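# Notes for the structure review
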Amino acid sequence: VSLTGRGDLSARIYRQLLDAILDGRLRPGERLPPTRELAQRLAVSRNTVAVAYDRLTAEGFLVGRVGSGTFVCTESFGRSPSGSAQRRRSAPDAPGGGVVPRRLWESVPVPDEVDAAPAPYDFRVGIPDARLFPYETWRRLLSRELRPAALGTAGYGEPAGHGGLREAIARYIGVSRSVHAGAGDVIVTNGAQQALDLVGRVLVEPGACVAVEEPGYVAVRRLLLSLGARVAGVPVDAEGLVVSQLPKTARLVYVTPSHQFPLGVPMSLARRTALLAWAERQRAVVIEDDYDSEYRFSERPLEPLQSLDRGGRVVYVGSFSKTLLPMLRLGFLVAPASLRPALRSAKQLTDWHGELPAQAALARFIDEGLLARHIRKTTKEYGLRHARVLAALGRELPALQPVPSAAGLHLSARLTPGLDVDLDATVARAREAGVAVQTLGGFCGEEPVQRGLVIGYGAIPTDRIDEGLRRVAAATS
Ligand SMILES: Cc1ncc(COP(=O)(O)O)c(C=O)c1O
């Protein structure tokens, strides 16, 4: 109960308690504080509180029990009190009533509910295996940071993130991905998603055209729409984004060159060069999202756009969601010098900075060589699953042609053209048989231009893959 402002104090206490009862903050049977105690807390006379309680009791919302106190009546719900409380309660449901977001948000699709209980055969995309997470090591590193000597002052930190982590990231991606960066070029973010958000906030003019891959990462499309961009889907073929089809008006393009999301193809060197030349000509910015390329099962990776770029046009985005866990929310961006001050400022205005003890723990994890070791170990496991999915697809689902790909935690398979299989129905039936799998169409912006399935193998244990895909096959008919 808050009594700031002027007016009849009893009436205001009455109204606030009534509101709390009606919207469930005070539950049926819950005990209210004694009038004396509430009066003391609110610095009013006991009688002022007693008048409010008496009125609520007379209306049937409260009930007094001699010797034990005043309680919310178990039958008070569903009554129709007069006054603002009822109006406020019903407003959000009323057609056209209540507060509404900006018009723009009407066109931003809302995210699906997060499944609390994963399916027994979980082929969802982008989820690593929680059983492979180095729990012991992470606990040791984190607890080391959660001590007064390590925390230092209790103040806010540098918006660009923990200095040691920025150095560790710069070194690590220098060696593992040939990304040219010093600590000063790195901003630590809450996952790659926040890096994309910061870049969007800094670069997207409302109404401006931004190009994304089609099919592509749905959350980046939604993000750009929420920033007021006109989002143009550009087709992807066997060499990656078709650069010649980029809209002339685009000044920002989002790509996943290492492992196209979701098809899995790497962007060819010719396309990389063409994309950078296009960006140079158009004075455009390229976002290079390298979200999962640590996992690579055969050929050597091509140079990232960031290291091929001579004009300072590429923002490189990375994530620890796949190598560690998505729920840790650890990612980063490497930006050209010209964008860094605005990005650092945007980061501070968004959330000041991420969680520093976790960032410090990650810095040690990288510096002690543990990340590299963890990736080596998990690459073996995911490599086995990748091979197992390919083999099982060939056996169980010959109508699906795998798209060549040798990296990451998922692969795509296209339905042979001309075949009459309803993949949405297949996915729904598979779900009933305990299998979670997604259609390729779900990654297309406007219309499902590609038919097929996207099969994640991060979350599913190797020995469940065969049976899982057998169930998908059974669900096709
Ligand atoms: C292509 C792509 N980019 C970015 C992300 C977001 O990653 P993060 O968890 O680091 O925000 C994902 C998540 O699956 C993704 O698939």
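Here the structure is shown first, and the text comes after it.
Below, the structure is looked at part by part. Keep in mind it's a predicted model, so treat the numbers as computed, not measured. Each chain has its residues counted from 1, running along the sequence as written. Given that this is a predicted model, residues contribute local features only at a pLDDT of at least 70 and side-chain atom pairs are listed and counted only at 80 or more, while totals for whole chains, interfaces and linings are drawn from all residues. Heavy atoms from the whole structure form the basis of all side-chain values; hydrogens and water molecules are not counted.

Helix axes are fitted to C-alpha atoms over the stretch in contact, other axes to C-alpha atoms as well, and angles between N-to-C directions run from 0 to 180 degrees. A run of H or I in DSSP counts as a helix once it spans at least four residues, and a run of E counts as a strand once it spans at least two, with each numbered from the N terminus. At a minimum axis separation of 9 Å, helix α8 (residues 191–203) and helix α12 (residues 340–351) run at an interaxial angle of 115 degrees. Remark: the crossing between α8 and α12 carries right-handed chirality. Together, Gln194, Leu198, Val199, Arg201 and Val202 of α8 and Ala342, Leu343, Ala346, Lys347, Leu349, Thr350 and Asp351 of α12 make up the contact between the two elements. In the scheme used here, Gly and all other residues not listed as nonpolar or charged are polar, with Ala, Val, Leu, Ile, Met, Phe, Trp, Tyr, Cys and Pro taken as nonpolar and Asp, Glu, Lys and Arg as charged. When grouped by side-chain class, the residues that make up the contact of α8 with α12 number seven nonpolar, two polar and three charged. By convention the crossing between two helices is left-handed if the near helix lies anticlockwise of the far one by an angle smaller than a right angle, and right-handed if it lies clockwise. Note on contacts: a residue pair qualifies if any of its non-hydrogen atoms lie within 4.5 Å across the two residues.

Now for the sheet that holds strand β9 (residues 285–290). Taking strand neighbours across the sheet as the criterion, the eight strands line up as β4-β11-β10-β9-β8-β5-β6-β7 in an open arrangement whose pairing is mixed. The open sheet has two edge strands, β4 (186–189) and β7 (240–241), and neither has a second partner. Contacts from helix α9 (residues 218–226) reach β5 (209–214), β6 (230–237) and β8 (252–255) within the one sheet, and its direction differs from that of β5 by about 165 degrees. Strands were regarded as paired on the criterion that DSSP finds at least two bridges between them.

In a soluble, globular protein the nonpolar side chains are often hidden away together inside. Think of a nonpolar core as a cluster: buried Ala, Val, Leu, Ile, Met, Phe, Trp, Tyr and Cys residues, connected wherever their side-chain atoms sit within 4.5 Å. Any residue under 20% of the maximum accessible area for its type is buried, any over 50% is exposed, and the rest in between are partly exposed; the area is computed with a 1.4 Å probe on protein chains only. Counting residues in hydrophobic clusters, the biggest one holds 55 residues, and the most contacted among them are Phe123, Ile169, Phe320, Leu362, Ile366, Leu393 and Leu469. Looking at this core, the element that brings in the most residues is helix α14 (residues 370–396), giving seven residues. Apart from the residues within four sequence positions on either side, Leu393 is in contact with Pro398, Leu400, Pro402, Leu411, Ala413, Ile455 and Leu469. In this structure, Ala195, Val204, Leu339 and Leu343 belong to the second largest nonpolar core, which totals 26 residues.

Here, proximity means that at least one heavy atom of the residue falls within 4 Å of the molecule or strand. For the ligand, the full set of nearby residues is Gly191, Ala192, Gln193, Tyr217, Tyr254, Phe261, Asp289, Tyr291, Ser319, Ser321, Lys322 and Arg329. Separating an oxygen atom of the ligand from a backbone N or O atom of Gln193 is a distance of 2.9 Å. Here a polar contact is recorded for every N or O atom pair within 3.5 Å, except that within protein the pair must consist of a potential hydrogen donor and a potential acceptor, and residues adjacent in sequence are included only if both atoms are side-chain atoms. The side chain of Lys322 places a nitrogen or oxygen atom 2.8 Å from an oxygen atom of the ligand. When isolated, the ligand has an accessible area of 400 Å², and the protein chains bury 91% of it. For the shell around the ligand, the element with the highest residue contribution is α8, accounting for three residues. When the residues that make up the shell around the ligand are grouped by side-chain class, the tally is five nonpolar, four polar and three charged. All accessibility values rest on the Shrake-Rupley procedure with a 1.4 Å probe; residue burial counts only the protein chains present in the view.

Turning our eyes to something else, we now look at α8. Given the number of residues in a helix, its expected span is that number minus one, multiplied by 1.5 Å. Taking 1.5 Å of rise per residue, 13 residues should cover 18 Å, and α8 covers 19 Å from first to last C-alpha, within 8% of that figure. Burial in α8 covers these residues: Gly191, Ala192, Gln194, Ala195, Leu196, Leu198, Val199 and Gly200.

A cis geometry characterises the amide bond from Glu214 onward to Pro215, with omega recorded as 5 degrees. When you line up the elements, Pro215 lands in the loop between β5 and α9. Residues Phe261 and Pro262 are joined by a peptide bond in cis, for which omega reads 5 degrees. On the secondary structure map, Pro262 appears in the loop between β8 and α10 (269–282). In this model, Ala43 sits at a positive phi of 55 degrees, which is unusual for a non-glycine residue.

Time to look at the pattern of salt bridges. Here, a salt bridge means any Lys or Arg side-chain nitrogen found within 4 Å of an Asp or Glu carboxyl oxygen. Inspection of the entire model under this criterion finds 25 salt bridges. Notably, a salt bridge pairs Glu368 with Arg140, separated by 3.7 Å at the nearest N-O pair. In this pair, Glu368 is assigned in the loop between α13 (356–367) and α14 and Arg140 in helix α5 (residues 135–145), connecting sequence segments 228 residues apart. You can call Glu368 partly exposed: its relative accessible area is 38%. On the basis of relative accessibility, which here comes to 42%, the residue Arg140 falls in the partly exposed class. A salt bridge links Arg470 to Glu396; the nearest nitrogen and oxygen atoms lie 3.5 Å apart. Of this pair, Arg470 sits in helix α16 (residues 465–475) while Glu396 sits in helix α14; the two residues are 74 residues apart in sequence, bridging distant segments of the chain. Overall, Glu396 belongs to the partly exposed group, its relative accessible area being 22%. Through salt bridges with shared partners, a single ionic network connects Arg388, Arg395, Glu396, Asp466, Glu467, Arg470 and Arg471.

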